[in-house]
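A look at the structure
The primary structure of each chain is shown beneath.
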Amino acid sequence: MSKRVVITGLGVAAPNGVGIPAFTNALKNGISGIKHDAQLQELQFSCQIAGKPEISDELKSHYFTELELRGFNSTGILYGVIAGIEAWKNAGLPIENNNEPDWDNGTIFGSGTSGIDKFRESIYKIDELQTRRLGSTVVAQTMNSGVSAYLGGKLGLGNQVTTNSSACSTGTEAIIMAYDRIRSGQAKRILAGSTGDSGPYIWGGFDALRVCSSKFNDNPEEGSRPMSATAAGFVPGSGAGALVIEDLESALQRGATIYAEILGGNVNSGGQRGNGSMTAPNSDAVQRCITTAITSSGISANDIDAINGHLTATTKDSLEIENWTKALNRNGNNFPYINSLKSMTGHCLSAAGSIESVATVLQLYEGFLFGNTNCEDLHPEITALVDASKIPLKTINTDLTIIAKASFGFGDVNACILFKKFEN
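Structural notes, computed from the coordinates. (Residues numbered from 1 in each chain as written. Predicted model: local features only at pLDDT ≥ 70, side-chain atom pairs only at ≥ 80, totals over all residues. Heavy atoms only, no water.)

Another point: the overall build of the protein. Looking only at helices and strands, one finds 16 helices and 15 strands in the protein. Taking 22 Å as the expected radius of gyration for a compact globule of 424 residues, we find that the protein reaches 20 Å, a close match to that expectation. When the backbone C-alpha atoms are referred to their principal axes, the protein occupies close to 65 × 55 × 40 Å. For the protein, the computed accessible surface area is about 16,800 Å², with 47% contributed by carbon and sulfur atoms. (Helix = DSSP H or I, 4+ residues; strand = E, 2+ residues; numbered from the N terminus. Rg over C-alpha atoms; globule rule 2.2 N^0.38 Å. Areas by Shrake-Rupley, 256 points an atom, 1.4 Å probe, with all protein chains shown as cover.)

Here you go:
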C-alpha cells in the first residue's frame, strides 16, 4: 500500500534570507536579495547585478570544522550544507555520531555544477606544475555529487545518497524523487533539495546568451521583473533549499511538525521536438507534465488555489501562463493565484526549484500568498489570458489548500509537484 508523504523540515540559504525566519520575513514583506555585483562589473558583464546568499565566517563555523574550511572554495556545497542541516534540525531530528549508518534516512540533493571556483583554482595549479599541492578535498568539492556526499557524511545517512541534475528543474525533481522513494516504502525520510554555485564562471554563459537583465544595473532591486511588460531577462542567482520528506506514519509517531503534504508530481521532457529546443519549452510537454501531476495527485484542476510558477522574466513568461491556462482549462477570473519568487531572488538556476518549493510550503503552512514585486506593469499578453487580480502585487493573508509548483529547464525538461495544507 502506498504511504502518505509529508514535509517535516525546512531549510534555506536564499539571496533574500538565510534561514527560515529571515526568509519568511522577506517573503511576507517583499524584500529583495538582488544587489550590485562588483566582480561582474569588473569582468564587464552586461548584467552586473545578482542574487547571492550572505554567509558570514561565523555562520560557516556552525556547519563546518576549521579543518574542513581549510582550502574550501565551493559555494554550492556551502549553501547546500547550511540549508540541509537547518532542515534536518528544523524537523527535530538528531545529528548522531553513531558508528552505524542510519539505514532509514537518505538524501537526494541536486546540483547544477559543483565547486567551479575550486575547479578554476585547481586548473591554475595544475598548469603551474603544482598538482601535488591541490589538497585532499579537491575531488569532494568538485564532483557533482559533492553536496549529497557532504550531507550524507555529516548526518550518517545509510539510505540513498545521491545528487540529481536537470538544469532549472533540478530542485523540484529532487523532491518528486524523494516523494516516490518514501511512498514506495524504500525509506522513512529523505532530505531533498538542491543547490547552485554563485559567481561569474556559472553565470558567464547566460550573459553571453543575452538572456540576463542588463537595463537595471543602477537599480538592482528592480532588475528581476517576471510577468512585467518591461521584463528584460533574468537576474542570475544562487543558494539552496532543503525539505525533509517523511512518511506520515513516522512523522505522527514522533510528533513532528507537519508543514504540508505532497499529493503527487510528474517529471517529463519535450524531447526538443516540436516547438521545444535546448533553451525553449515544448508546450505540449509542459501541459502534459502539469495534467499528469494533477491526475497522479487524485485532484481536479479546479482544486488548485495557487501556482508558484517558474516565470523567469524572459519572453517565455506569457507562454508559461498560456500553458497553465490550457493545462488547467482555467483562465480570466477563474485562474488560480500565481506568483514568482524570482522577482526577489533572481533565477537561482539549479537551486530555484527547491528554494521556491520551500517558499510554497511556507505559504500553505502560514496562510499567506507573497506578492509579485516589479510587475505593476503586467505584460499585456498575460492580462489577455488571466485577470490581473490573480497576480497580487502585495502579500495577501489567505488560507490556501493546494498549491502547484513547476520548474522548466534547459534541455526541454519539466517538473511539476502538488503541495497540500496538511489535514490528518
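Further remarks concern the packing of aromatic side chains. For the coordinates displayed, the defined rule picks out 6 aromatic pairs. Considering the side-chain rings of Phe206 and Phe234, the 5.5 Å spacing of their centres and the 65° angle between planes classify their relative orientation as edge-to-face. On the criterion of sequence distance, the pair formed by Phe206 in helix 10 (residues 200-208) and Phe234 in the loop between helix 10 and strand 8 (239-247) is long-range, its members being 28 residues apart. Residue Phe206 is classed as buried on the basis of its relative accessible area of 18%. Overall, the relative accessible area of 5% leaves Phe234 in the buried class. Aromatic rings pair up to connect Phe64, Phe72 and Tyr150 into one cluster. Over the face of the ring belonging to Tyr337 we find Lys390, whose NZ or CZ atom lies 4.9 Å from the ring centre. (Phe/Tyr/Trp six-rings, centres within 6.5 Å; stacked < 30°, edge-to-face > 60°. Buried < 20%, exposed > 50% of the residue type's maximum accessible area, 1.4 Å probe, protein only. Lys NZ or Arg CZ within 6 Å of the ring centre and 35° of its normal.)

As a further point, take the packing of helix 1 (residues 20-29) against helix 15 (residues 352-366). Contact pair helix 1 / helix 15: the axes reach a minimum separation of 11 Å and the direction vectors enclose 75°. Overall, the two elements helix 1 and helix 15 adopt an arrangement that is roughly perpendicular. Here helix 1 contributes Ile20, Phe23, Thr24, Leu27 and Lys28 to the contact with helix 15, which in turn contributes Ile355, Val358, Ala359, Leu362 and Glu366. Its residues assigned to classes, the contact of helix 1 with helix 15 shows 7 nonpolar, 1 polar and 2 charged. (Axes fitted to C-alpha atoms, helices over the stretch in contact; angles between N-to-C directions. Parallel < 35°, antiparallel > 145°, perpendicular 65-115°, else oblique. Contact = heavy atoms within 4.5 Å. Nonpolar A, V, L, I, M, F, W, Y, C, P; charged D, E, K, R; others polar.)

As a further point, take the layout of surface pockets. Counted as a void, the largest pocket has a volume near 700 Å³. Along the walls of the largest pocket sit 43 residues, with Thr279, Thr312, Thr314, Thr315 and Lys316 positioned nearest its centre. For the lining of the largest pocket, the secondary-structure elements that each account for two or more residues are helix 13 (317-328), helix 16 (380-383), strand 14 (402-409) and strand 15 (413-420). Ranked by the residues each element gives to the lining of the largest pocket, the list is headed by helix 13, at 5 residues. Its residues placed into classes, the lining of the largest pocket shows 22 nonpolar, 15 polar and 6 charged. Its boundaries defined by the atoms lining it, the second largest pocket holds a volume of some 250 Å³. Lining the second largest pocket we find 14 residues, and of these Glu96, Asn98, Asp102, Leu155 and Gly156 sit closest to its centre. No other element matches the 3 residues that helix 8 (residues 146-155) contributes to the lining of the second largest pocket. Counted by class, the lining of the second largest pocket contains 5 nonpolar, 5 polar and 4 charged residues. (1 Å grid on protein atoms, 1.4 Å probe; cavity = no way out; pocket = protein on both sides within 12 Å on 5 of 7 lines; lining within 4 Å. Points joined across faces, edges and corners; volume = space filled by probe spheres on them.)

The biggest cluster of nonpolar side chains holds 43 residues, and the ones touching the most others in it are Ile7, Leu10, Phe23, Leu27, Ile245 and Ile262. Here this core gets 7 residues from one element, more than from any other, and that element is helix 15. In this structure, Leu27 is in contact with Leu341, Met344, Ala359, Leu362, Phe368, Phe370 and Thr395, ignoring residues within four places of it in sequence. Among the nonpolar cores identified, the runner-up in size contains 29 residues, and Ile304, Ile321, Phe335 and Leu378 belong to it. (Core = buried A, V, L, I, M, F, W, Y, C linked by side-chain atoms within 4.5 Å.)

Moving on to the pairing of strand 5 (residues 105-111). Within strand 5, 7 of the 7 residues are buried, leaving the element largely enclosed by the surrounding structure. The two faces of strand 5 match: Asn105, Thr107, Phe109 and Ser111 on one face and Gly106, Ile108 and Gly110 on the other face are all buried. As defined by bridge partners, strand 5 adjoins strand 7 (residues 189-196) across 7 bridges and the pair is classed as parallel. Bridge pairing in strand 7 places Ile108 opposite Ala192. When strand 5 meets strand 6 (residues 161-162), the two strands line up parallel, connected through 2 bridges. Residue pairing across strands places Ile108 opposite Thr162, the latter belonging to strand 6. (Pairing = 2+ DSSP bridges.)

The next thing to look at is the environment of Thr142. Take Thr142: it is sitting in helix 7 (residues 138-142). Placed 93 residues apart in sequence, Thr142 and Val235 show a C-alpha to C-alpha distance of 25 Å. Excluding anything up to four places from it in sequence, Thr142 contacts Ser114, Gly115, Lys118 and Phe119. Within the local environment of Thr142, its side chain forms a polar contact with the backbone oxygen of Val138, the two atoms lying 2.7 Å apart. (Polar contact = N/O pair within 3.5 Å; in protein donor to acceptor, adjacent residues only side chain to side chain.)

The next thing to look at is unusual backbone geometry. At Asn374, a position not held by glycine, the phi torsion is positive, near 65°. In this structure, Asn374 sits in the loop between strand 12 (368-369) and helix 16. Even without being glycine, Asp412 reaches a positive phi, approximately 65°. Tracing the chain through its elements places Asp412 in the loop between strand 14 and strand 15. When its relative accessible area of 1% is taken as the criterion, Asp412 is described as buried.

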